[in-house]
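Listed below, chain by chain, are the residues.
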Amino acid sequence: MSNSSSSISQFLLLAFADTRELQLLHFCLFLGIYLAALLGNGLIIITIACDHRLHNPMYFFLLNLSLTDLGCISTTVPKSMANSLWNPSAISYTGCVAQLFFFVFLIITEYFVLTVMAYDRYVAICHPLHYGTLLGSRACVHMAAAAWASGFLNAVLHTANTFSLPLCHGNAVDQFFCEIPQVLKLSCLVSYLRVTGVIVVGGYLAFGCFVFIVVSYVQIFRAVLRIPSQQGQHKAFSTCLPHLAMVSLFVSTGIFTYLKPPSISSLLLDLELAFLYSVFPPAVNPLIYSMRNHELKDAVWKLITGCLSSNKLRISKPI
């Protein structure tokens, strides 16, 4: 294979295991995680869409978060599952471009949605009297649209820059999906420096969102600690802690993946970090958000029992 990226027709993705038994174990593990993510996020989307009691800004943004989670895990996990059944673990050049684009699009959109959710909690707790004014239906739609549009523009920019570089180091990607840092490792060093500016701009944008989230939560915790009743404090914390937990996991693993020094990089560490920020959150988000949110938990349970009751009535109805 030549040193030019134009001669590359496919990339080889990293396999989790060499033996057939471990490959099947990897397939079963990822299948279980994927089905859990589909079920959990699907239930949240359907419940919020169908239950009029959940038609408020907090659940509207949670619905958007579940959509990005579903898209994100569907971009990477099914291909990895398929590759565990067939050797070699190959993906076409076009497929790699598409996978990287959609992954960056959805992961950046998710980050912006998490930022907007922090603003929602800040207004709800620190300025409750202005909540309806600051977060009306039109404002919520505009913020959600801005998050999706920003994710799309960032994805176009990063994908175009990544695949415009000539590749000098083969076609073996050291990751189970096409990830920007791993694809850039295949490029020429001189060409790699061209995209540094884009990465730095993206880093500043991500850092700005992170600072906004941190400042919002400092104000939230100050306001919550001033609430006289313990019940009021517990209710406020129950709506904030799930979001804060996911932001912490998402931001810490994502930043470390893209900004860690090459000296501490290793194949196992890269795999673990990629799993933690791309596969783990979509699977556990539904559990975390419903575990401490009694309103959402009750609505999901009502939806499930309602569907089961209607099925029983159909079965028992005489033909």
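1. As for the overall build of the protein chain
- Check the secondary structure of the protein chain and you find twelve helices and two strands.
- Helices and strands in the protein chain line up, N terminus first, as β-α-α-β-α-α-α-α-α-α-α-α-α-α.
- For the protein chain, buried positions account for 45% of its 319 residues.
- When the accessible area of the protein chain is evaluated, it comes to approximately 16300 Å², of which 70% is carbon and sulfur surface.

2. Considering the nonpolar core
- Judged by nonpolar contacts, the single largest core of 78 residues is most densely connected at F11, I48, L62, M117 and L296.
- The biggest single contributor to this core is helix α3 (residues 93-126), with 18 residues.

3. Some thoughts on the packing of α3 against helix α5 (residues 137-163)
- Contact geometry of α3 with α5 gives a least axis separation of 8 Å together with a crossing angle of 145 degrees. Seen from above, α3 lies across α5 with right-handed handedness.
- A class-by-class count of the residues in the contact of α3 with α5 yields 20 nonpolar, seven polar and no charged.

4. Overview of the environment of Y122
- Take Y122: it is sitting in helix α3.
- Spatially, the C-alpha atoms of Y122 and C240 are 9.3 Å apart, while their sequence positions differ by 118 residues.
- Beyond its immediate chain neighbours, meaning those up to four positions away, Y122 contacts H127, S216, Q219 and I220.

5. Concerning the pattern of salt bridges
- Enumeration according to the criterion identifies three salt bridges in this entry.
- A salt bridge links R53 to D51; the shortest N-O distance between them is 2.9 Å.
- Overall, the relative accessible area of 11% leaves D51 in the buried class.

6. Topic: the state of the cysteines
- Following the criterion strictly, the structure yields one disulfide and no others.
- Two residues share a disulfide in this structure: C96 and C178, whose sulfurs sit 2.0 Å from each other. Residues C96 and C178 are joined by a disulfide whose S-S torsion is about -125 degrees; by sign, that bridge is left-handed. Taken as a pair, C96 in helix α3 and C178 in the loop between α5 and α6 (180-184) lie far apart in primary sequence, 82 residues in all. Of the two residues, C96 and C178, both sit in the buried class.

7. Details of the packing of helix α2 (residues 57-85) against α3
- Relative orientation of the contacting elements α2 and α3 amounts to 160 degrees, with a least axis distance of 9 Å. Viewed along their axes, α2 and α3 adopt a mutual orientation that is roughly antiparallel. The handedness of the crossing between α2 and α3 comes out as left-handed.
- Residues belonging to the contact of α2 with α3 are distributed by class as follows: 14 nonpolar, seven polar and five charged.

8. Description of helix α10 (residues 267-278)
- For α10, which comprises twelve residues, the first-to-last C-alpha distance of 16 Å matches the rise-based estimate of 16 Å (1.5 Å per residue) to within 8%.
- Buried within α10 are the following residues: D270, L271, L273, A274, Y277 and S278. On an axial view of α10, the arc spanned by its buried residues comes to 165 degrees, and they lie on one face.

9. Re α2
- The terminal C-alpha atoms of α2, which comprises 29 residues, lie 43 Å apart, in line with the 42 Å expected from a rise of 1.5 Å per residue.
- Where burial is concerned, most of α2 is hidden: 21 out of the 29 residues are buried.
- Between a side-chain oxygen at the N-terminus of α2 and the backbone nitrogen of M58 the separation is 3.2 Å; the capping residue is N56.

10. Focus on the environment of N56
- Take N56: it is sitting in the loop between α1 (20-50) and α2.
- Its relative accessible area of 25% is what places N56 among the partly exposed residues.
- Residues N56 and C140 lie 84 residues apart in sequence; the distance between their C-alpha atoms is 9.3 Å.
- Here the side chain of N56 touches M58 through a polar contact of 3.2 Å, landing on its backbone nitrogen.

Reading guide: rules and limits
- Residues numbered from 1 in each chain as written.
- Predicted model: local features only at pLDDT ≥ 70, side-chain atom pairs only at ≥ 80, totals over all residues.
- Heavy atoms only, no water.
- Helix = DSSP H or I, 4+ residues; strand = E, 2+ residues; numbered from the N terminus.
- Buried < 20%, exposed > 50% of the residue type's maximum accessible area, 1.4 Å probe, protein only.
- Areas by Shrake-Rupley, 256 points an atom, 1.4 Å probe, with all protein chains shown as cover.
- Core = buried A, V, L, I, M, F, W, Y, C linked by side-chain atoms within 4.5 Å.
- Axes fitted to C-alpha atoms, helices over the stretch in contact; angles between N-to-C directions.
- Left-handed = near helix turned anticlockwise from the far one by under 90°.
- Nonpolar A, V, L, I, M, F, W, Y, C, P; charged D, E, K, R; others polar.
- Contact = heavy atoms within 4.5 Å.
- Salt bridge = Lys/Arg side-chain N within 4 Å of Asp/Glu carboxyl O.
- Disulfide = S-S within 2.5 Å.
- Parallel < 35°, antiparallel > 145°, perpendicular 65-115°, else oblique.
- Expected span 1.5 Å × (residues − 1).
- Arc of directions from axis to C-beta.
- Polar contact = N/O pair within 3.5 Å; in protein donor to acceptor, adjacent residues only side chain to side chain.

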